Amino acid sequence: MDAAKAVSLLLDPRANHDPVPAYEALHRHGPVAQVASGYYFVSGYEAVDAVLRDPGMEAYDARRLDSQWSDWRDNRAVALFADSMLRTNPPQHTRMRRLAAGVFTARRVGALREVVAAQVDEAIGELPEKAEGGVVDLVTHLTYPLPIGVITALLGVPAADRGRFRRLAEALTAVLEVRWTAEDRRLAHDAALELEDYFTHLVARRRAEPEDDLVTALAAAHDAGGEQLTGAELMGNLTLLLVAGFETTTNLLGNGIVLLLDHPAYGERLREDPELATAYVEEVLRIESPVQLTERYTSRPAVIGGTEVPADAELVLLLGAANRDPARFEAPGVFDPDRPANAPLSFGAGAHYCLGAPLARLEAQIALPALLRRFPELALAGRPTRRPRMNLRGWASLPVTLGAS
Ligand code: HEM
């Protein structure tokens, strides 16, 4: 199959529901496919990993935005992300990342274990009351509220304000997709204004009365002066932490639940031995990557997966395809939590490696076995529906019956 055909398969909206045929076609073609002049899709595991770790590759930053889209600053959502770690390069990225890593410490995440366990117990305990006609939607009542509860506890967002974040995050993350409509942009812009206003007030409150939370710590990092974190960077990174912190984790939890219900023998093993959760969660991350792609730009000519690529080329790195590369994973389409040396690229790699990976893993490792143990007869009530997104892969709704508990 030629590259153009494989690429058109992926760009077909049907691929939002099942990108695997497109990924398989890309793998048959080779690790890198040229889509247009200066525009490439990278699907091979080694090639994606190498690009992510190569300091000569640049993230999609304000300079690139300037060259493509003259009035992007008028969209607050795009502008907010442009001041965050995700959309910056060294030295700005290095400075922000060091700072954020300094406050987003292993100690802080470790201390969250009890918070996560308590929130899991609470959400799972309430599921029977949420049933309507015997059916509960786990997206509405578990996979959204849990990550929102955890990240807002970490940031220091009052519990009473949590209700609005699902809508805001859904609107904002549209700008992380490859394709968006004018309506997506408008909704994202409005959501960004609302969130920025919210954080401005919260930061002011924390300055007046500091707490042991991330908003206080990041605001203090800004206030320490000496070019540590600008006001725009403070807003951009708070937004990134909030939004990146749960859309993705929601998808990890939902993808994991469906995979375990579709593979009941594995579900049974996890129910009996929650210690297996570490390996299970890695396999869920691999086979249904909650983030399917990211992008980089070449700062100089490079050879990627054997293909010569010029300077200033755009590379779409297909993390979800890399995780199913037959050159790296035996029988990549098979859900097999026992596979050896599983190292999916779902959290990226290199300088932008996901800051929240330990937290996302912790939530899934606690929630998945807890749900199966509490409801041994848990079953899908019909097929769930996919979110119509190419990048953030997850379920829009996940109706289940709980059975006798
Ligand atoms: C970066 C995936 C959860 C915060 C990233 C990247 C990926 C990713 C692929 C790298 C993007 C790139 O290289 O261009 C995921 C997945 C998650 C998850 C699959 C859940 C299953 C979280 C959580 C948080 C978080 C819970 C925070 C609480 C971040 C931040 C970055 C990032 C701040 C930017 C780091 C940087 O650019 O230096 N994430 N993430 N993520 N993630 Fe996550």
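The structure displayed is predicted, hence computed values, not measured ones. (Residues numbered from 1 in each chain as written. Predicted model: local features only at pLDDT ≥ 70, side-chain atom pairs only at ≥ 80, totals over all residues.)

Caption draft 1: Representation of the confidence of the model for the protein chain within the structure. With 98% of its residues at a pLDDT of 70 or more, the protein chain shows a mean pLDDT of 92. The complex prediction reports pTM at 0.95, with the ipTM value standing at 0.99. (pLDDT = per-residue confidence, 0-100.)

Caption draft 2: Fine view of the environment of Gly-305. By the secondary structure assignment, Gly-305 is in the loop between β6 (302-304) and β7 (307-309). As a C-alpha pair, Gly-305 and Tyr-45 span 260 residues in sequence and 9.5 Å in three-dimensional space. Not counting residues up to four positions away in its chain, the partners in contact with Gly-305 are Gly-30, Pro-31, Val-32, Val-42, Gly-44 and Ala-47. (Helix = DSSP H or I, 4+ residues; strand = E, 2+ residues; numbered from the N terminus. Contact = placed C-beta atoms within 7 Å.)

Caption draft 3: Region of interest: the packing of helix α13 (residues 231-262) against helix α17 (residues 357-374). Two elements in contact, α13 and α17, have axes separated by 10 Å at closest approach and are oriented at 35 degrees. Judged by the sense of rotation from one axis to the other, the crossing of α13 with α17 is right-handed. Every residue of α17 that contacts α13 at Thr-248, Thr-249, Leu-252, Leu-253, Gly-256, Ile-257 and Leu-260 is listed here: Ala-360, Glu-363, Ala-364, Ala-367, Leu-368, Leu-371 and Leu-372. Looking at the contact of α13 with α17 residue by residue, the class counts come to 10 nonpolar, three polar and one charged. (Axes fitted to C-alpha atoms, helices over the stretch in contact; angles between N-to-C directions. Left-handed = near helix turned anticlockwise from the far one by under 90°. Nonpolar A, V, L, I, M, F, W, Y, C, P; charged D, E, K, R; others polar.)

Caption draft 4: Structural detail: the pairing of strand β5 (residues 293-298). Here strand β3 (residues 57-58) pairs with β5 via two bridges, running antiparallel. By the bridge assignment for β5, Glu-58 is matched with Tyr-297. Alignment of β5 against strand β8 (residues 314-318), held across five bridges, turns out to be antiparallel. In the sheet register, Tyr-297 faces β8, and the bridge partner there is Glu-314. (Pairing = 2+ DSSP bridges.)

Caption draft 5: Representation of unusual backbone geometry. Residues Pro-90 and Pro-91 are joined by a peptide bond in cis, for which omega reads 5 degrees. For Pro-91, the position within the fold is in the loop between α5 (76-82) and α6 (92-103). The phi dihedral of Asp-312 is positive, around 65 degrees, even though this residue is not glycine. Within the secondary structure layout, Asp-312 lies in the loop between β7 and β8. Phi angles above zero are rare outside glycine, and Ala-331 is one such case at about 40 degrees. Among the structural elements, Ala-331 can be located in the loop between α16 (319-322) and α17.

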